[in-house]
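# A structural walkthrough
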Amino acid sequence: MALPKFSKLGISIIFLCLFSFKVYSQVYSNKESSTFSFTAGMTSSNLIKDSIKYKSAILCSAGFVYTMVLSDNFNIGLEALYTGKAFKNESPIIKYRYFYIDVPLYLQYKLSDNIRFNLGAQYSTFTNSKVIVIDPNSNSGVNIKPYNNLKSADYGFLAGVEIDLNENFSLTSRYTISTSAFFQKNQINFGVFQFSLSYAVYRSHKQLLNLHIEKE
């Protein structure tokens, strides 16, 4: 059966379009897939279940943060931090400073577009320490000496909240506690509160498809 004239005309137009245009299919998404950031902040540390009852003191931490998007609601975060954990005696005045490489690994739950809750674990390895003693006979007024480590390595639980200030800056508040505080008796345990500011230096995005039509 012969096709009507308007059907033949439609088929001719379709073929003309196919041979007159080059079609490239490649799509890009504006959704982030990962973020790399620098971070720095302060720590307030105490010893849990210690017999001397040291007072907490303030030190600092700094390092890198890498987060990867798992879904619309969850990210996973990995950090490498150089962290100071400090304690002191008030009578006599003696200050103890311990430095660790901390590696936190945590799951982020997105409470909103700008607020995230972090929950995970942390491994810490000892690097160095020192004790600062008030000495009136010293020119600087203090004596600073190397000191023995409290724990050569530590495992901890962490929980915290992260808030975006703008596109690149975010604030993080976190508390980390040694796992031995829950599972072992008569052990030295760290409890560390961290407050830090992070700056995102690199963001990657998902690449899916981009539709481009070029006429010959």
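In this report, we go over the structure that sits alongside the text.

About the criteria used
Residues numbered from 1 in each chain as written. Predicted model: local features only at pLDDT ≥ 70, side-chain atom pairs only at ≥ 80, totals over all residues. Heavy atoms only, no water. Pairing = 2+ DSSP bridges. Helix = DSSP H or I, 4+ residues; strand = E, 2+ residues; numbered from the N terminus. Buried < 20%, exposed > 50% of the residue type's maximum accessible area, 1.4 Å probe, protein only. Contact = heavy atoms within 4.5 Å.

## Regarding the pairing of strand E4 (residues 93-110)
- Pairing of strand E3 (residues 74-90) with E4, which is carried by 15 bridges, proceeds in the antiparallel orientation. The partner of Lys-88 across the bridge, within E4, is Lys-95.
- The turn linking E3 back onto E4 is made up of two residues.
- Of the pairings in the sheet, the one linking E4 to strand E5 (residues 115-134) comprises 17 bridges and is antiparallel in character. Paired with Tyr-109 across the bridge in E5 is Phe-117.

## Notes on the environment of Asp-72
- If you trace the backbone, Asp-72 turns up in the loop between strand E2 (55-69) and E3.
- Looking at Asp-72, the relative accessible area reads 61%, which means it is exposed.
- Taking the C-alpha atoms as reference points, Asp-72 and Tyr-109, separated by 37 residues in sequence, lie 9.4 Å from one another.
- For Asp-72, the residues in contact, after removing those within four places along its chain, are Lys-31 and Lys-110.

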